[in-house]
Amino acid sequence: MKYRIEKDTMGNVKVPAAKYWGAQTERSRNNFKIGPTASMPIEIIYGFVYLKKAAAHTNCELGVLSIEKRDLISNVCNEILDGKLDNQFPLVIWQTGSGTQSNMNVNEVIANRAHEIAGNIIGEGEKTIQPNDDVNKSQSSNDTFPTGMHIACYKMIIETTIPGIKKLRDTLKAKSEEFKNVVKIGRTHLMDATPLTIGQEFSGYVSQLNHGLKALKNTLPHLSELALGGTAVGTGLNTPKGYDVIVAKKIAEFTDLPFITAKNKFEALASHDAIVESHGALKQLAVSLNKIANDIRMMASGPRSGIGELIIPANEPGSSIMPGKVNPTQCEALTMVCAQIMGNDVTITFSGAQGHYELNVFKPLMAANFLQSARLIGDACASFNKYCAIGIEPNYKRINELVNNSLMLVTALNTKIGYYKAAEIANTAHKNGTTLKEEAVRLGHVTAKEYDNWVKPKDMIGSLK
């Protein structure tokens, strides 16, 4: 492999000649060989690039960067956002907690590629664009990384998380309406309870997801606040007047998202409560989705020796030894995703508490875990919707069998003969293996005609809405 010499304030470093990164990137690549597959998410890199492009335009507008340099920086940023330089960002999550090396990785790639675009050979002569003085002008790693992570996390929620959840929510809402008259037995404590409809049951799932979506959307205004302009500690040192407001407007323009400058830069650098808050909403959705997937998994259990009230799509063989076995794989995938998100929330909660004086030093970890959760929940909902929820159908025969066999239908007699007589009927029927009607008549508490008039599952479900 051919190398070239790059230098930083600590001296010379050999860098692969075919790469655009420079000395600080190479130092980090060599010094943090920790989980080499745990690469910094590309979404964070793109977040950085949006802000680098915005900073160049803002610095130019404020008279501290030339038009020529602005255009070179902007052109390279466009190349990166087009995915042309994805292989130029080799660093891992496990680096400095401020993300300084990733900030410099982006600065160096932009500078070297700009030098090349200007008609020069990388490694020869003075750089056309300087990584620190030009690409990083009016910035610090301390305010660029939180800005990049907010851009990346906000975009992921808008583009992946919310659309995936909405697809599933809408399908469950349609199923709720479709099955509004399908009466089934209810269950509490995993034991028989009074009847309800599948539509009513599914309406609960829809409500859960609506509340989760509302909670998530309510966190977005805080997440839209950007730290850029705070520089090292929040004072805005080395930025031109008005820079923070203008650069946020530029980022909003380039991303087509409603980003604004943070109201308080000290908070924006020293704490990441917005990330903690938003991920808390993702955790809430994970809790809801875990319940929904488990309910469907159990109601579809069997198909002959379980509950078997629901029929779910048979997508693939479920066993390498048991012919014909089909498993609720989409339910399993979704609940595993939920477990991951809950675990990520613990990590993000702890990480959010690591703000020491003027800087939180767990930024890369928080960003990586957040992005994983946001993508997983969106993708998993879309998958569960397509390969499971859309195809759910009631098993009418089994549903009727279980409803009519339930001892809890005796609850309809409470207001007619009282709780204690009704309980006697249920306990006796269970003990003797007989029906409620048989024991109710035999015990003399009701006549057969009274039983038939009073114990009707479809009259026990209350409102269908």
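> So what's going on with the pattern of salt bridges? Which residues, and what values?
Taken as a whole and judged by the stated rule, the model has 26 salt bridges. Its salt-bridge partner being arginine 4, residue glutamate 6 comes within 3.0 Å of it at the nearest N-O pair. As far as the burial class goes, glutamate 6 and arginine 4 line up, both buried. Within this structure, Lys184, Arg187, Glu201 and Glu309 form a network of salt bridges that share partners.

> Give a detailed account of the environment of threonine 160, specifying residues and quantitative values.
Here threonine 160 shows up in helix α6 (residues 141–178). Once the C-alpha coordinates of threonine 160 and glutamine 208 are considered, the two residues, 48 residues apart in sequence, prove to be 19 Å apart. With residues up to four places along the chain from it excluded, the contact list for threonine 160 reads Lys155, Ala374, Arg375, Gly378 and Asp379.

> Residue-level account of the packing of helix α2 (residues 42–61) against helix α3 (residues 67–81), with values.
Any two packed helices are characterised by how steeply their axes cross, that is the angle between the axes, and by the distance between the axes. Here α2 crosses α3 at 165°, and the two axes come no closer than 9 Å. Between α2 and α3, the interaxial angle falls into the category roughly antiparallel. The crossing of α2 and α3 is left-handed. For the pair α2 and α3, the contacting residues are Tyr46, Val49, Tyr50, Lys52, Lys53, Ala56, His57 and Cys60 in the first and Ile67, Arg70, Ile73, Ser74, Cys77, Asn78, Ile80 and Leu81 in the second.

> Break down the pairing of strand β2 (residues 11–16) for me, with residues and values.
As paired elements, strand β1 (residues 3–8) and β2 share six bridges and run antiparallel to each other. Across the sheet, the residue bridging to lysine 7 is asparagine 12, located in β2. In sequence, β1 turns back onto β2 through a hairpin of two residues.

> I'd like a description of the pairing of strand β3 (residues 183–188), backed by residues and values.
Here β3 pairs with strand β4 (residues 191–197) via five bridges, running antiparallel. What sits directly across from threonine 188, in β4, is methionine 191. Connecting the antiparallel pair β3 and β4 is a turn made up of two residues, with histidine 189 showing a positive phi of about 60°.

> Residues and numbers for the nonpolar core, please.
Counting residues in each nonpolar core, the largest one holds 98 residues, and the members touching the most others are Ile44, Ile80, Leu223, Ile296, Phe370 and Phe384. Residue contributions to this core peak at twelve residues, all from α6. Each residue touching isoleucine 296, except ones within four places of it in the same chain, is listed here: Leu310, Ile312, Cys331, Phe384, Cys388 and Ile392. Residues Ala429, Val446, Val455 and Met460 belong to the second largest nonpolar core, which totals 16 residues.

> Explain unusual backbone geometry residue by residue, including any values.
Here the residue pair glycine 302 and proline 303 is connected by a cis peptide bond, since its omega of 10° sits within 30 degrees of zero. Phi is positive for serine 138, close to 65°, though the residue is something other than glycine. Within the element layout of this structure, serine 138 appears in the loop between α5 (131–135) and α6. Residue serine 138 is classed as buried on the basis of its relative accessible area of 7%. Unusually for a residue other than glycine, threonine 231 sits at a positive phi of about 45°. Mapped onto the fold, threonine 231 is located in the loop between β5 (225–226) and α8 (243–255). Relative accessible area serves as the criterion here: at 5%, threonine 231 is assigned to the buried category.

Here is what the cut-offs are and how they apply
Residues numbered from 1 in each chain as written. Predicted model: local features only at pLDDT ≥ 70, side-chain atom pairs only at ≥ 80, totals over all residues. Heavy atoms only, no water. Salt bridge = Lys/Arg side-chain N within 4 Å of Asp/Glu carboxyl O. Buried < 20%, exposed > 50% of the residue type's maximum accessible area, 1.4 Å probe, protein only. Helix = DSSP H or I, 4+ residues; strand = E, 2+ residues; numbered from the N terminus. Contact = heavy atoms within 4.5 Å. Axes fitted to C-alpha atoms, helices over the stretch in contact; angles between N-to-C directions. Parallel < 35°, antiparallel > 145°, perpendicular 65-115°, else oblique. Left-handed = near helix turned anticlockwise from the far one by under 90°. Pairing = 2+ DSSP bridges. Core = buried A, V, L, I, M, F, W, Y, C linked by side-chain atoms within 4.5 Å.

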